[in-house]
Amino acid sequence: MTDAAPLPEPRGPLSAAVRAVLLGGAAPPGAPSVTDADPFGEDFQLALYLSYEPHYRALEGVDDEREWDPALLGLRRPMEEAFLAALREAVPREGDGVGAPAVDAALEPLLVEPVDGHGVSHRLMDEGTWELMREYLVHRSPYQLKESDPQAWLIPRLEGQAKASLVAVAFDEFGAGHGERVHARLFAELMDGAGLDASYGRYLDLVPAVTLATVNVMSLFGLHRSLRGAAAGNFAVLEITSPPGARRMAKALERLGAEERCVRFFTEHVEADAVHEQVMRRHVLGDLLAREPELAGDIAFGIRATVWLDERWEERVLASWDAGRTSLRRPLAGLPGAPAPA
């Protein structure tokens, strides 16, 4: 039996209300208004994340029936609407043209690797320490420990070549028929080799809203058929941007003397996602656009929203590191020293 993930502490009235529903099945009297909350804030993003979690994993003290509890959905729907509206305002869709050119315009910046890149993976490759590497892994754990699960919701929403090609990509993400090669399991082995607790949800209390938003957008897009175009755009970004970043992360871990099981997660992505990029662009997005050209704007929005949220995350992490403070909500404490070189 899979261990249940711990419920994190609430960060405000919204997350407290969701937590109460999860534990007791009824919204507390005078539930807070979503209109008063920052859609990118700590309380809001944790509340939205927790409202999605029953679709994925067991939570401590939470009955499995809560997944479709009307009280939970009643809290979640206004948050989804507010989050989506905030994203649409932050990521304008104008100026893209229509049809395939709209998607091409959104994808174009992702297809060229800048020679002067200075993102988080660049920093870790050039001068990262085990302390910073562990922070990075904690940030990534809410998604990577369920890697590609949110995107699997897209499968029944596609037809023909788009469906077949998406399943081919997902097949690799889920280990190509081998449980020990499932990417989520490889990430757990990476965390364990880095001296972290690889239990699902272990570090959720430490993960800030800027990180949770990058995961929540996947659930938002994936769980709504009306947003299938945005979900396809989101998945395309993950596959297109993965190989260069994974290559840098592998080099960072090798420089730190990490065990082979730590590096394996990233080298697997370098090899697999280089192929996935072409499949997603040509056969998933291409076929989807041929069948439903009216989804071009949504696909472009999904691409740009994903990039925008990732850039916010990188800015937050790098600003914290530049200031000499943790990029998490609290510092990682009580961890053993850096793993010995393999």
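In this text, all values refer to a predicted model and were calculated from it rather than measured experimentally. Going along each chain's sequence as written, the residues are numbered from 1 onward. Where local features are concerned, this predicted model is filtered to residues with pLDDT of at least 70; where side-chain atom pairs are given and counted, the filter is 80 or more; whole-chain, interface and lining totals use all residues. The side-chain quantities take in all heavy atoms of the structure and omit both hydrogens and water.

**Examining the overall build of the protein chain**
Strands are runs of DSSP state E lasting at least 2 residues, helices are runs of H or I lasting at least 4, and numbering of each runs from the N terminus. Each helix and strand counted, the protein chain has 13 helices and zero strands in total. Counted from the first residue to the last, the protein chain has its helices and strands arranged as α-α-α-α-α-α-α-α-α-α-α-α-α. Relative to the 2.2 N^0.38 estimate, which gives 20 Å for 342 residues, the radius of gyration of the protein chain is 20 Å and therefore close to what a compact globule would have. In the protein chain, of all internal contacts separated by at least 6 residues, the share reaching a separation of at least 24 is 82%. For the protein chain, the accessible area works out to roughly 14,600 Å², and carbon and sulfur atoms hold 52% of it. Only four residue types enter the tally: Lys and Arg on the positive side, Asp and Glu on the negative side, with His and both chain ends excluded. Here the site of a charge means NZ on Lys, CZ on Arg, CG on Asp, or CD on Glu. Once the 34 positive and 53 negative side-chain charges of the protein chain are each reduced to a mean point, those two points are 0 Å apart. Every radius of gyration here is taken over C-alpha atoms, with the globule rule written as 2.2 Å times N^0.38, N being the number of residues. We call two residues contacting when some pair of their heavy atoms lies within 4.5 Å. Only the protein chains shown count as cover for residues, and the accessible areas themselves come from Shrake-Rupley with a 1.4 Å probe.

**As for the nonpolar core**
Ranked by size, the top nonpolar core spans 109 residues in total, and within it Phe83, Leu124, Met133, Tyr136, Phe221, Leu253 and Phe266 carry the most contacts. With 13 residues, helix α11 (residues 228-255) is the largest single contributor of residues to this core. Leave out the neighbours within four places in its chain, and Leu124 touches Leu132, Met133, Tyr136, Met249, Ala252, Arg255 and Trp321. Note on terminology: a nonpolar core comprises buried Ala, Val, Leu, Ile, Met, Phe, Trp, Tyr and Cys residues joined through side-chain atoms within 4.5 Å. The rule is simple: take the accessible area with a 1.4 Å probe, protein chains only, and divide by the maximum for that residue type; under 20% is buried, over 50% is exposed, in between is partly exposed.

**Points about the side chain of Glu53**
If you trace the backbone, Glu53 turns up in the loop between α2 (42-52) and α3 (70-90). A polar contact is formed between the side chain of Glu53 and the side chain of Lys146, at a distance of 2.6 Å. Any pair of N or O atoms that falls within 3.5 Å is considered a polar contact. Within protein, one atom must be able to donate a hydrogen and the other to accept it, and sequence-neighbouring residues count only if both atoms are side-chain atoms.

**Digging into the confidence of the model for the protein chain**
Per-residue confidence from the predictor is reported as pLDDT, which spans 0 to 100. On average, residues of the protein chain score 91 in pLDDT, and 93% of them reach the 70 mark or higher. Contacts from residues 336-342, a stretch scored under 50 in pLDDT, to residues over four places away or in other chains number 16 contacts.

**Here we look at the pattern of salt bridges**
Every case where a carboxyl oxygen of Asp or Glu lies within 4 Å of a side-chain nitrogen of Lys or Arg is listed as a salt bridge. Taken as a whole and judged by the stated rule, the model has 19 salt bridges. Each of Arg76, Arg77, Glu80 and Glu81 takes part in salt bridges that share partners, so that together they form one network.

**Overview of unusual backbone geometry**
Positive phi outside glycine occurs at Ser148, with the angle close to 70°. Its location among the elements puts Ser148 in the loop between α6 (130-144) and α7 (149-152). Overall, the relative accessible area of 3% leaves Ser148 in the buried class. The residue Ala176 is not glycine, and still its phi comes out positive at about 50°.

**Remarks on the packing of α6 against α11**
Packed helix pairs are characterised by how far apart their axes lie and by the angle those axes make with each other. Between N-to-C directions, angles span 0 to 180 degrees; the directions come from axes that are lines fitted to C-alpha atoms, helices contributing only their stretch in contact. One way to put it is that α6 packs onto α11 with a least axis distance of 13 Å and a crossing angle of 150°. In terms of axis orientation, α6 runs roughly antiparallel to α11. Crossing geometry of α6 relative to α11 is assigned as left-handed. Contacts between α6 and α11 involve Trp130, Met133, Tyr136 and Tyr143 from the first element and Leu238, Met249, Ala252 and Leu253 from the second. Classification convention: Asp, Glu, Lys, Arg as charged; Ala, Val, Leu, Ile, Met, Phe, Trp, Tyr, Cys, Pro as nonpolar; all other residues, Gly among them, as polar. Split by residue class, the contact of α6 with α11 holds eight nonpolar, no polar and no charged. An angle below 35 degrees is read as roughly parallel, one above 145 as roughly antiparallel, one from 65 to 115 as roughly perpendicular, and any other as oblique. Whether a crossing is left-handed or right-handed is set by the direction in which the near helix is turned from the far one by less than a right angle, anticlockwise for left-handed and clockwise for right-handed.

**A word on the packing of α2 against helix α10 (residues 209-222)**
At their nearest, the axes of α2 and α10 sit 9 Å apart, and the two run at 40° to each other. Judged by the inter-axis angle, α2 sits oblique to α10. Crossing of α2 over α10 shows left-handed handedness. Two secondary-structure elements touch here, α2 through Glu42, Gln45, Leu46, Leu48, Tyr49 and Tyr52 and α10 through Ala209, Leu212, Ala213, Val215, Asn216, Ser219 and Leu220. Taken together, the residues of the contact of α2 with α10 sort by class into nine nonpolar, three polar and one charged.

**Describing the packing of aromatic side chains**
Each aromatic ring pair is characterised by the separation of its centres together with the angle its planes make. Here a pair means two rings of Phe, Tyr or Trp (six-membered ring of Trp) with centres within 6.5 Å. Their orientation is stacked below 30 degrees between planes, edge-to-face above 60, and tilted elsewhere. Under the counting rule described, the total for this entry stands at six aromatic pairs. Taken together, a centroid distance of 5.0 Å and an interplanar angle of 85° make the contact between Phe265 and Phe266 edge-to-face. The residues Phe265 and Phe266 share a single accessibility class, namely buried. One aromatic cluster in this structure is built from Phe40, Phe83 and Trp308. Our definition puts a charge over a ring when NZ of Lys or CZ of Arg is within 6 Å of the ring centre and also within 35 degrees of the ring normal. Sitting over the face of the ring of Phe40, Arg312 holds its NZ or CZ atom 4.9 Å from the ring centroid.

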